[in-house]
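Report on the structure
Residue strings, one per chain:
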Amino acid sequence: MGNTIQNIAVLTSGGDSPGMNAAIRAAVRTGIYNGLNVFGIYRGYQGMLDDDIVKMESRSVANIIQRGGTILKTARCKDFRTSEGRQRGYDNLKKRNIDGLVIIGGDGSFKGAEIFSKEFDIPCIGIPGTIDKDMAGTDFTIGFDTAVNTAVEAIDKIRDTADAHDRLFVVEVMGRDAGYIALHSGIATGAENILIPETKTNMDELVESLTEKEKRQKLVNLVVVAEGDDFGGGAEVGQILKQKLPNADIRVCILGHIQRGGSPTCLDRLIASRMGYHAVECLVEGRFNVMVGIVNNKMSYLPLSQAVKVKDKFNKDWLKIVKILAS
Ligand code: F6P
C-alpha cells in the first residue's frame, strides 16, 4: 500500500445515528478538496456487495448537515462475514478503481473493515457513529449527544405528568450493552435511580429507596433504565416494581427509536465534521486502517483491530452523585 489513493468510497453501516450525514458531507468534500474521486456506497456493506455505488459530487451532500438518518442508508450485512461476500464487494470496488474506504459505524462495522483491509489491498478508515458511545479510543461517538438530548427532553415531559399524578415512572432509554444514555439523561433530569448494564442492579436496594421516598411523599420518582440492564428493560423493571410496591401508581415509558433520529446537535455536527475531514486526511497521508477518534479534544487514531466496544469507561463517581442529588 502506498501513499497514492485516488478514488475513495464512503459508507454508513450498522445502526444509524444523528450526525452521520455531517460526517458523509465532510468526507466527500475533503476528498474532492484533495483532488480525489469520491463514491458513496448505499446500505453499508450490503451495497458494496450489490454494486449499489454512486459517484458523489460536492452538491450530492448539500443541505444534509442538519438532517438525521443517513442519505447513504444503512444496513447490517450477513454476507460480508463470508469470504465470498467480501470478494464480491472487492470486485465491485475494483471496477471503479476504488482504493480507500471510509466506514461510518460501530464496532461490528470496524471488525468487518479490519478483515477486509487485511484480505485485500484497500485501506479502511473508521469513524465512530453510534448513539451508545461505548467505543474505545474516543471521548465522543457521533449521535450520542443528540440521542441523550432527545432523551432529556422526553424525560422532562414525563416529569410533568408524573408530578401532576404523583406517579412513579420507569423510563427505558436505549443502550443494549451501554448505560451512557441512561446515566447522562438520568442525571440531567434528576432521576432518583439509574439502572445500567455496566453495574449489577440491586433490586432490593432499589425497592428500599423507593419505599423510603414513598413514605416521605416525595413528589416525583423517576427510574431511568437502560434497555440492557441485567433485570431487563423498562417493562420488566416496571413489572417487578408493581409487585413490590403495590401502593405506588407506576407507569412505564419506553422511549425507543426516537433517540436514533432527529436533527443532530451542534456537538454532533462538529465532531462528525472533524472526524470526516481527518478520516480522508488519513487516507491521503497514508495513515491506514485506523479509527479516527477525539480524545481530550485532540484527534486520535486507534488501529481498527482495537476499535471495539468498551464497558467500563464511565466514571463510577457519577453513580454516587445520582444517589446524593436525588435525596
Ligand atoms: O444504535 C445502538 C442501539 O441503539 C442499541 O442501543 C440498541 O439496542 C440497538 O441500537 C437497536 O438497534 P436496532 O433496532 O437497529 O436493532
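Residues numbered from 1 in each chain as written. Predicted model: local features only at pLDDT ≥ 70, side-chain atom pairs only at ≥ 80, totals over all residues. Heavy atoms only, no water.

1. Topic: the overall build of the protein
Note the threshold: Secondary structure elements are taken from DSSP: a helix is a run of H or I of four residues or more, a strand is a run of E of two residues or more, and numbering for both begins at the N terminus. The globule rule is 2.2 Å times the number of residues to the power 0.38, and the radius of gyration it is compared with is taken over C-alpha atoms. A simple rule labels every residue: compare its accessible area, found with a 1.4 Å probe on the protein chains alone, to the largest value its type can have, and call it buried under 20%, exposed over 50%, or partly exposed in between. Residue contacts are defined here by distance: any two heavy atoms, one from each residue, within 4.5 Å place the two residues in contact. Note on areas: Shrake-Rupley with a 1.4 Å probe; residue coverage comes only from the protein chains shown. Positive residues here are Lys and Arg, negative ones are Asp and Glu, while His and the chain termini are left out of the count. By convention, charge coordinates are those of NZ in Lys, CZ in Arg, CG in Asp, or CD in Glu.
Along its length, the protein carries 10 helices and 11 strands. Expected size for 327 residues packed as a compact globule is a radius of gyration near 20 Å; at 22 Å, the protein falls within 12% of this value. Principal-axis analysis of the C-alpha atoms gives the protein an extent of 70 × 35 × 35 Å. Of all 327 residues assigned to the protein, the portion counted as buried reaches 55%. Relative to all contacts within the protein whose residues are 6 or more apart in sequence, the contacts with residues 24 or more apart total 75%. Carbon and sulfur atoms make up 48% of the accessible area of the protein, which totals about 14,300 Å². Looking at the protein, you have 41 positive and 41 negative side-chain charges, and the mean spots of the two groups are 3 Å apart.

2. Thoughts on a nonpolar patch on the surface
Put simply, the test is: Each patch is assembled from residues with relative accessible area greater than 30% and no salt bridge, linking like charges that lie within 9 Å and nonpolar side chains (Val, Leu, Ile, Met, Phe, Trp, Tyr) that lie within 5 Å. The salt bridge definition used is simple: a Lys or Arg side-chain nitrogen within 4 Å of an Asp or Glu carboxyl oxygen.
On the surface, Ile 187, Ile 321, Ile 324 and Leu 325 cluster together to form a nonpolar patch covering roughly 370 Å² of accessible area. It is helix H10 (residues 317-325) that contributes the most residues to the nonpolar patch, 3 residues altogether. Within the secondary structure, Leu 325 is located in helix H10.

3. So, the site of the ligand
What counts is decided by this rule: Nearness of a residue to a molecule or strand requires only that one of the residue's heavy atoms be within 4 Å of it. Between N or O atoms, a polar contact is any pair within 3.5 Å; within protein, one atom must be a potential hydrogen donor and the other a potential acceptor, and residues adjacent in sequence are included only when both atoms are from side chains. Here a cavity is any set of points on a 1 Å grid over the protein atoms alone where a 1.4 Å probe fits but cannot get out, and a pocket is any open set with protein on both sides within 12 Å along at least 5 of 7 lines; a residue lines the site when it has an atom within 4 Å of a point. More than half of a molecule's atoms lying within 2 Å of a cavity's or pocket's grid points is what places that molecule inside it. By the convention adopted, Pro, Cys, Tyr, Trp, Phe, Met, Ile, Leu, Val and Ala count as nonpolar, Lys, Arg, Asp and Glu as charged, and the other residues, Gly among them, as polar. Residue ranges assigned to each domain were obtained from an automatic or database domain assignment.
The environment of the ligand is made up of Arg 76, Ile 131, Asp 132, Met 174, Gly 175, Arg 176, Glu 227, His 257 and Arg 260. Arg 176 places a main-chain nitrogen or oxygen 3.3 Å from an oxygen atom of the ligand. At a separation of 2.9 Å, an oxygen atom of the ligand approaches a polar side-chain atom of Arg 260. Expressed as a share of its isolated accessible area of 400 Å², the protein-covered part of the ligand is 81%. At a threshold of 2 Å from the grid points, most atoms of the ligand map onto the largest pocket. Along the lines of polarity and charge, the residues of the shell around the ligand split into 2 nonpolar, 2 polar and 5 charged. Taken domain by domain, the makeup of the shell around the ligand includes at least three residues from each of domain 1 (7-143 + 264-309) and domain 2 (146-260).

4. A closer look at helix H6 (residues 180-188)
Among the residues of H6, Tyr 180, Ile 181, Ala 182, Leu 183, Ser 185 and Gly 186 are the ones counted as buried. Lining the buried residues of H6 we find helix H5 (144-165), strand S6 (168-173), strand S7 (193-195), strand S8 (221-226) and H10. Immediately downstream of H6, the backbone of Gly 190 shows phi near 70°, a positive value.

5. Things to note about the pairing of strand S2 (residues 37-41)
The condition that has to hold: When the strands point away from the viewer and the connection leading from the first strand across the helix to the second strand turns clockwise, the crossover is called right-handed. In short, DSSP must find at least two bridges between two strands for them to pair.
With respect to burial, S2 is a largely interior element, 4 of its 5 residues being buried. Assessed by its sense of winding, the connection that carries the chain from strand S1 (residues 7-12) through helix H1 (residues 20-33) to S2 is right-handed. Where S2 and strand S3 (residues 53-56) come together, 4 bridges link them in antiparallel fashion. Among the inter-strand pairings, Phe 39 is bridged to a residue of S3, identified as Lys 55.

6. Points about the sheet that holds strand S11 (residues 298-303)
Cut-off, in case you're wondering: To get an axis, fit a line to the C-alpha atoms, keeping to the stretch in contact for a helix; angles then go from 0 to 180 degrees between the N-to-C directions.
On the basis of which strands lie adjacent, the open sheet formed by 7 strands has the order S3-S2-S1-S4-S5-S10-S11 and mixed pairing. If you trace the sheet from one side to the other, it starts and ends with S3 and S11, each paired once. Each adjacent strand pair in this sheet contributes to an overall mean axis angle of 30°, direction not counted. Contacts from H1 reach S1, S2, S3 and strand S4 (100-105) within the one sheet, and its direction differs from that of S1 by about 180°.

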